[in-house]
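Breakdown of the fold
Here are the chains, one letter per residue:
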Amino acid sequence: MYKLIALISTIIRLFCLPNPFETLEYGYIINYIVEPMFHLLTYNIVGLYYRRGKAPAVGSFLYLMFYAIHTGLIMFMGSFNWNPIAIIVIFISYFLVHIFSKFF
């Protein structure tokens, strides 16, 4: 089951999710530079909710979900023309959601 979900997740991430930096002049280059950090952030966020080794299919699905959420958040930041105040508000809101979800 894990291999199937991992394959579907990879296909969705490669072909269905957009490049969140597409609107920028060098969006594809920025995407290649940011992608390793994006992967690490998503992997660590999934680690908050999933313990490695337990139900790997669930971990793979969570990775896809958080990757899609992070892509959407970056696109949302771009919709504000990368305004620093909007970026800060989005980051704070996102991390507060994680903090509150761990306690409640």
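Only a predicted model underlies this, so the values are computations on that prediction, with no experimental measurement involved.

The subject of this paragraph is the side chain of Ser60. Along the chain, Ser60 falls in helix α3 (residues 56-79). Classification of Ser60 as buried rests on a relative accessible area of 11%. Excluding its chain neighbours within four sequence positions, the residues that come into contact with Ser60 are Tyr2, Ile5, Ala6 and Ser9.

What follows deals with the packing of helix α1 (residues 2-16) against α3. The contact between α1 and α3 brings their axes to 8 Å, and the two run at 10°. The orientation of α1 relative to α3 falls into the category roughly parallel. For the pair formed by α1 and α3, the contact residues are Tyr2, Ile5, Ala6, Ser9, Ile12 and Arg13 on the first element and Pro56, Ala57, Ser60, Phe61, Tyr63, Leu64 and Tyr67 on the second. Classifying every residue of the contact of α1 with α3 gives 10 nonpolar, 2 polar and 1 charged.

All right, on to the side chain of Ser9 then. Tracing the backbone through its elements, the reader meets Ser9 in helix α1. Of the residues examined, Ser9 reaches a relative accessible area of 2% and is grouped as buried. In this view, Ser9 contacts Ser60 and Leu64; residues no more than four positions away in its chain are not counted.

Quick notes on the rules
Residues numbered from 1 in each chain as written. Predicted model: local features only at pLDDT ≥ 70, side-chain atom pairs only at ≥ 80, totals over all residues. Heavy atoms only, no water. Helix = DSSP H or I, 4+ residues; strand = E, 2+ residues; numbered from the N terminus. Buried < 20%, exposed > 50% of the residue type's maximum accessible area, 1.4 Å probe, protein only. Contact = heavy atoms within 4.5 Å. Axes fitted to C-alpha atoms, helices over the stretch in contact; angles between N-to-C directions. Parallel < 35°, antiparallel > 145°, perpendicular 65-115°, else oblique. Nonpolar A, V, L, I, M, F, W, Y, C, P; charged D, E, K, R; others polar.

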